[in-house]
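Working through the structure, step by step
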Amino acid sequence: MKKSMRLILDANEYIFGIGKAIEKPYSMALFPSIRTLMEEVSEFRLFIPEIIRDEVQRNLAPQRISEFYRFMFSDERIIYSSTYDVPKVLINKYHELGLKSEDALIAAFAEWQGVHFIVSDNRHFYEELKVEQFITCNAEEFLRLLTSGNIWQIIEQLEAKR
Amino acid sequence: MSMKTVTIAIPEDLYENLKKHLVDSGRCENLSDAIQLSLRCFLDEYFNYPDEPPGLEGPSKFMYHLEKLRKEINEMGGLFPGKSSEEVIEILRETRRQIYEEKYAAHFGRK
């Protein structure tokens, strides 16, 4: 079977991962795993919604922003996408599930783009958001699923429901 | 040089910024020139720059720029020094709330 994976990393994963946060070893380990996914998964896509890019950018020193953009544009499987065109009906859906507007926008973006996983170490996000369209988990859980290989079954199940 | 005409939609704040810095200031003749200049600068800055090892592509390029970024941040003392990861997450949540207010609330509404 041709493997595919569509992924979003929340801003905190970029901040912890590029900032070498000692407390967050799994966030740091995400990036080498993404490199492997790029090499081994034919249809791998890492989405960077505009609101997440903005959030990371605002928390970096201005001198680091160019390098962050070079990192962001380093591979064609990293997809930067505007969040202005997300259908409002999807945002309303996630509002009704109890998310704040800014989180609802990301969740709606994920559903709109057929994303399989949102990885976030913000427990307000990954613990509260349980839907059929995609999985939210933290970096540790994502890496555990990846290492065990169970992640591919989960993706198959998500695809089957679409 | 042959030209291609494209119609694009850009966020209002970006339009105002572009107009203020490049057109109203007299740096560019008109908005079309301003957009062309911006695109050329962008491509030179992020795709055609000289300080990258030759032949670097794909996942290797991804890791190269990740390590470069990590090194630069580390040399500056890291991100959010002295803050716990929970405090960092709270700062990021507030940043996201502010971005939403500034850029999206008028477009999508707030609940």
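Nothing here was measured: the structure is a model prediction, and the numbers come from that model.

1. A word on the packing of helix 3 (residues 50-58) of chain A against helix 4 (residues 65-72) of chain A
Residue and element names in this part refer to chain A.
- Two numbers describe how helix 3 lies on helix 4: the axes approach to 10 Å, and their chain directions differ by 145°. Considering how the two elements wind past one another, helix 3 and helix 4 form a crossing that is right-handed. Facing helix 3, whose interface residues are Arg53, Val56 and Gln57, helix 4 presents Ile65, Phe68, Tyr69 and Met72.
- A per-class count over the contact of helix 3 with helix 4 returns 5 nonpolar, 1 polar and 1 charged.

2. As for the sheet that holds strand 2 (residues 43-49) of chain A
Residues and elements named next belong to chain A.
- On the basis of which strands lie adjacent, the open sheet formed by 5 strands has the order 3-2-1-4-5 and parallel pairing. Strand pairing shows two members of the sheet lacking a second neighbour, strand 3 (78-81) and strand 5 (135-137), which therefore form its edges. Along the sheet, successive strands turn relative to each other by an average axial angle of 25°, direction set aside.
- One ladder, built from 4 bridges, connects strand 2 with strand 3; its direction is parallel. Bridging across to strand 3, Phe47 finds its partner in Ile79.
- Contacts from helix 3 reach strand 1 (4-9), strand 2 and strand 3 within the one sheet, and its direction differs from that of strand 2 by about 65°.

3. Examining the interface of chain B and chain A
- Taken together, the contact pairs 46 residues of chain B with 58 residues of chain A.
- With both sides pooled, the region where chain B packs onto chain A buries about 5,100 Å², and carbon together with sulfur makes up 60% of that total.
- The interface formed by chain B and chain A includes 9 salt bridges.
- Across the pair Arg70(A) and Glu45(B) runs a salt bridge, and its minimum N-O distance is 3.8 Å.
- Taken together, the connections running from chain B to chain A amount to 19 residue pairs in polar contact (both at pLDDT 80 or more).
- When residues of the side of chain B that touches chain A are traced back to their parent elements, those giving at least two are helix 2 (31-46), helix 3 (58-75) and helix 4 (85-108) of chain B.
- Grouping the constituent residues of the side of chain B that touches chain A by class yields 22 nonpolar, 8 polar and 16 charged.

4. Some details on the nonpolar core
- Tyr14(A), Phe68(A) and Phe142(A) are the most contacted members of the largest nonpolar core, which totals 79 residues.
- By residue number, the principal contributor to this core is helix 4 of chain B, which donates 8 residues.
- Leu18(B), Leu22(B), Val23(B) and Ala34(B) belong to the second largest nonpolar core, which has 5 residues in total.

5. Observations regarding the state of the cysteines
- Under the defined criterion, the tally for this structure stands at 0 disulfides over all chains.
- No disulfide involves Cys41(B); its nearest neighbouring cysteine sulfur is the one of Cys28(B), lying 9.0 Å away.

6. Overview of the side chain of Lys103(B)
- Tracing the backbone through its elements, the reader meets Lys103(B) in helix 4.
- Classification of Lys103(B) as buried rests on a relative accessible area of 16%.
- Of the polar contacts made by the side chain of Lys103(B), one reaches the side chain of Glu50(A); its length is 3.2 Å.
- Not counting residues up to four positions away in its chain, the partners in contact with Lys103(B) are Glu50(A), Arg53(A), Asp54(A) and Tyr84(A).

Calculation rules
Residues numbered from 1 in each chain as written. Chains lettered and ligands numbered in written order. Predicted model: local features only at pLDDT ≥ 70, side-chain atom pairs only at ≥ 80, totals over all residues. Heavy atoms only, no water. Axes fitted to C-alpha atoms, helices over the stretch in contact; angles between N-to-C directions. Helix = DSSP H or I, 4+ residues; strand = E, 2+ residues; numbered from the N terminus. Left-handed = near helix turned anticlockwise from the far one by under 90°. Contact = heavy atoms within 4.5 Å. Nonpolar A, V, L, I, M, F, W, Y, C, P; charged D, E, K, R; others polar. Pairing = 2+ DSSP bridges. Buried area = accessible area lost by both parts, 1.4 Å probe. Salt bridge = Lys/Arg side-chain N within 4 Å of Asp/Glu carboxyl O. Polar contact = N/O pair within 3.5 Å; in protein donor to acceptor, adjacent residues only side chain to side chain. Core = buried A, V, L, I, M, F, W, Y, C linked by side-chain atoms within 4.5 Å. Buried < 20%, exposed > 50% of the residue type's maximum accessible area, 1.4 Å probe, protein only. Disulfide = S-S within 2.5 Å.

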